[in-house]
Amino acid sequence: MLIADNPFEPVIKWSGSKRSVAASLRNLFPRAARYFEPFVGGGAMLPFRPCRDAVAGDVIEELIDLWVCIRDEPDRTATEYKKRWHKLQDEGHTAYYAIRDTFNRTRNPHDFLFLTRTCVNGLIRFNGDGDFNNSLHHTRPGIAPQRLREIIRKWSVALQGVSFAKADYRETLSPVAADDLVFLDPPYAATRGRYSQEKFDVGGFYAELGRLNDVGAKWIVTFDGYAGERTYEESLPKGLFEMRLALPTGNSPFTKLMRTGVDAVVESVYLNFEPPAKILRGFSDDRNEKARVGVGLEVEQGCLFV
Ligand SMILES: C[S@@+](CC[C@H](N)C(=O)[O-])C[C@H]1O[C@@H](n2cnc3c(N)ncnc32)[C@H](O)[C@@H]1O
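Here the structure is a predicted model, which means the values were calculated and not measured.

A. Up close: the pairing of strand β2 (residues 54–58). By the criterion of burial, β2 is predominantly enclosed, with four of the five residues buried. Of the strand pairs in this sheet, strand β1 (residues 35–37) and β2 are connected by three bridges, and their pairing is parallel. When the sheet's bridge partners are listed, F36 is paired in β2 with V55. Bridging between β2 and strand β3 (residues 162–166) involves five bridges; their strand directions are parallel. Looking at β3, one finds that D58 is bridged to K166.

Here it is in structure tokens:
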């Protein structure tokens, strides 16, 4: 069976989402007792985890609060969006900026969902004080409330069994044991944190992967990559992983934004185990050369977790 494009629409739109490649990545997931995703962001892989029990974490506290609302109170979450959406249609941009101000004072997750759905290009952007500062996307009304309600309900079902943690990835991963699967999608190595000018500490990240190896857990990491001739790549040290694959993720968000042309972005996928050969047919081995493959993968059965 050839897996089509991921039909699971995003509930939280997030920069760096794995949505476009979720249908391919899911095929690499082995069976596991528990699933851990410590850089959850928009959680594109969560519905495809191989087991019900899961722990998902992120350092953005408002994001985790919103995930909990979607899991536990889908109808209330949809209704709160509907109220704000109608206010925007009735009152225009002043409603957006009033809700943004309220969010920056109270950190209400329902305000946050509304902002993610109505801000310019859906880009979640915070200033140095940690305040949301993207503007209203004037030319788009934001997703219609009834459509979002259906999406939220579907996600709420898929999220049962997931515990959410407001935590640094190392804390989220502290209970990982030998039968568990960890999927890690950290920020690009060159990315700075929300509150600090410090870049993501790749040394600490490698140390944590080494610890997971010692524990005996399986992990999959998506990490940097290249677009056209430019490389964003920070390679994982040899000896830490078993296999490295290449995964085309679509067009570069940077070139799209800059309108300077369109590059194909390829992301590196590292695993500390070797999946069955039939699963690997759709990826190319990226150890020595750049990737050439498309994203369709042949598998015998799907594993959508709903
Ligand atoms: C590339 S995004 C993940 C995208 C996600 N896979 C998706 O499909 O939407 C990386 C996430 O890591 C989070 N993050 C950055 N540093 C972190 C840390 N030290 N611990 C936990 N999460 C962190 C960011 O807030 C961001 O949401």
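Here the narrative resumes.
B. Highlighting the pattern of salt bridges. Taken as a whole and judged by the stated rule, the model has 17 salt bridges. Among the salt bridges present, the one from D180 reaches R34, with a minimum N-O distance of 2.7 Å. You can see D180 sitting in the loop between α7 (169–172) and β4 (181–184) and its partner R34 sitting in the loop between α1 (22–25) and β1, a full 146 residues away along the chain. A single network of salt bridges, built from pairs that share partners, joins E73, R76, E80, K83, R84 and D111.

C. Spatial organisation of the site of the ligand. Contacts to the ligand come from 21 residues, most closely from W14, G42, D58, D168 and D185. Residue W14 places a side-chain N or O atom 2.9 Å away from an oxygen atom belonging to the ligand. Between the ligand and V59 there is a distance of 3.5 Å, counted from a nitrogen atom to a backbone nitrogen or oxygen. When isolated, the ligand has an accessible area of 610 Å², and the protein chains bury 88% of it.

D. Quick peek at unusual backbone geometry. Here the phi dihedral of R107 falls at roughly 60 degrees; this positive angle occurs in a residue that is not glycine. Residue R107 is classed as partly exposed on the basis of its relative accessible area, which comes to 23%. One non-glycine residue, N121, lies in positive phi territory at about 55 degrees. Positionally, N121 belongs in the loop between α5 (109–118) and α6 (145–159). When its relative accessible area of 41% is taken as the criterion, N121 is described as partly exposed.

What counts, and where the lines are drawn
- Residues numbered from 1 in each chain as written.
- Predicted model: local features only at pLDDT ≥ 70, side-chain atom pairs only at ≥ 80, totals over all residues.
- Heavy atoms only, no water.
- Buried < 20%, exposed > 50% of the residue type's maximum accessible area, 1.4 Å probe, protein only.
- Helix = DSSP H or I, 4+ residues; strand = E, 2+ residues; numbered from the N terminus.
- Pairing = 2+ DSSP bridges.
- Salt bridge = Lys/Arg side-chain N within 4 Å of Asp/Glu carboxyl O.
- Near = heavy atom within 4 Å.
- Polar contact = N/O pair within 3.5 Å; in protein donor to acceptor, adjacent residues only side chain to side chain.
- Areas by Shrake-Rupley, 256 points an atom, 1.4 Å probe, with all protein chains shown as cover.

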